[in-house]
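# Survey of secondary and tertiary structure
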Amino acid sequence: FRGGALSACLSASMCILGICMLYLLVHIIFVDFSGMPVHEVPVLLAGYGFGASFVALFMQLGGGIYTKAADVGADMCGKIDQNLPEDDPRNPAVIADLVGDNVGDCAGSMADVFESIAAEIIGTMILGASLGHEAKVENLEAFIFFPLIIHAFDLVVSGVGIMAVQSS
């Protein structure tokens, strides 16, 4: 339980940290130096979401290809050559098969979590910036950073929940 919880919290925190750092970099370069309006900054972050989707795709494909190759190798060596049952621990190729399963299941799903959080945060930042600009709000950054603040509180609440759960 704790391993999955840690990887999910790490994935979410890295996504929040990445978006914050990229926002600050884009804000410094384009708003401070070039004079671009603040409400247009979140639109420039859309590439981060596309990159997260691209990475998630390749994490899933990499895990699936690795699993399939290791499974075929384990079956050919173990079942055909040595007459061992499937997933027999005496077959060393079974370890590679299990590693591929782990990569596909754990790393692929964490990449999906990262992608989903990145797309949701950036989409909400764009929506908040547009709504705040149309409503002529003075503190536009509060609308832009609202999803990041909510997800930061999500991490705090998740941490309390993780500590409260007793796993046996």
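Whatever comes next refers back to the structure up there.
Just so it is clear, the model here is predicted, and its values are computed rather than measured.

## A closer look at the environment of Phe58
Within the element layout of this structure, Phe58 appears in helix α3 (residues 46–81). Each C-alpha atom of the pair Phe58 and Pro92 lies 26 Å from the other, and the pair is 34 residues apart in sequence.

## A look at a nonpolar patch on the surface
A surface patch of nonpolar side chains, about 580 Å² in accessible area, is lined by Leu25, Ile28, Ile29, Phe30, Phe33 and Leu44. Position of Ile29 relative to the elements: it lies in helix α1 (residues 2–33).

## Describing the packing of α1 against helix α4 (residues 93–134)
The interhelical angle for the contact between α1 and α4, taken along N-to-C directions, is 40 degrees, at an axis separation of 9 Å. The two elements α1 and α4 meet at a crossing, and its hand is right-handed. On α4, the residues touching Ser7, Ala8, Ser11, Ala12, Met14, Cys15, Ile16, Ile19 and Tyr23 of α1 are Met110, Val113, Phe114, Ile117, Ala118, Ile121, Ile122 and Met125. Grouping the constituent residues of the contact of α1 with α4 by class yields 15 nonpolar, two polar and no charged.

## What about the packing of aromatic side chains?
Taken as a whole and judged by the stated rule, the model has three aromatic pairs. Each ring, one from Tyr48 and one from Phe114, has its centre 6.1 Å from the other, and the planes form 50 degrees; the classification is tilted. One end of the pair, Tyr48, is in helix α3; the other, Phe114, is in helix α4, with 66 residues separating them in the sequence.

Rules used throughout
Residue indices begin from 1 for each chain and proceed along its sequence in written order. Selection of residues for local features in this predicted model requires a pLDDT of at least 70, selection of side-chain atom pairs for listing and counting requires 80 or more, and totals for whole chains, interfaces and linings are taken over all residues. To obtain the side-chain values, all non-hydrogen atoms of the structure were used and water was disregarded. Helix numbering and strand numbering both begin at the N terminus, where a helix is a DSSP run of H or I of at least 4 residues and a strand a DSSP run of E of at least 2. Any residue with relative accessible area above 30% and no salt bridge may belong to a patch, with like charges joined within 9 Å and the nonpolar Val, Leu, Ile, Met, Phe, Trp and Tyr side chains within 5 Å. Residue burial considers only the protein chains on display, and all accessible areas are found by Shrake-Rupley using a 1.4 Å probe. Take a side-chain nitrogen of Lys or Arg and a carboxyl oxygen of Asp or Glu: if they are within 4 Å of each other, that pair is a salt bridge. Working convention: axes come from line fits to C-alpha atoms, limited for helices to the stretch in contact. Angles between N-to-C directions cover 0 to 180 degrees. A crossing counts as left-handed when the near helix is turned anticlockwise from the far one by less than a right angle, and as right-handed when that turn is clockwise. Contact definition: two residues touch when any of their heavy atoms are within 4.5 Å. Amino acid classes used here: Ala, Val, Leu, Ile, Met, Phe, Trp, Tyr, Cys and Pro are nonpolar; Asp, Glu, Lys and Arg are charged; the rest, including Gly, are polar. Each Phe, Tyr or Trp ring (for Trp, its six-membered ring) is paired with any other whose centre lies within 6.5 Å, and the angle between the two planes then decides the class: stacked below 30 degrees, edge-to-face above 60, tilted in between.

Structural measurements only, silent on function.
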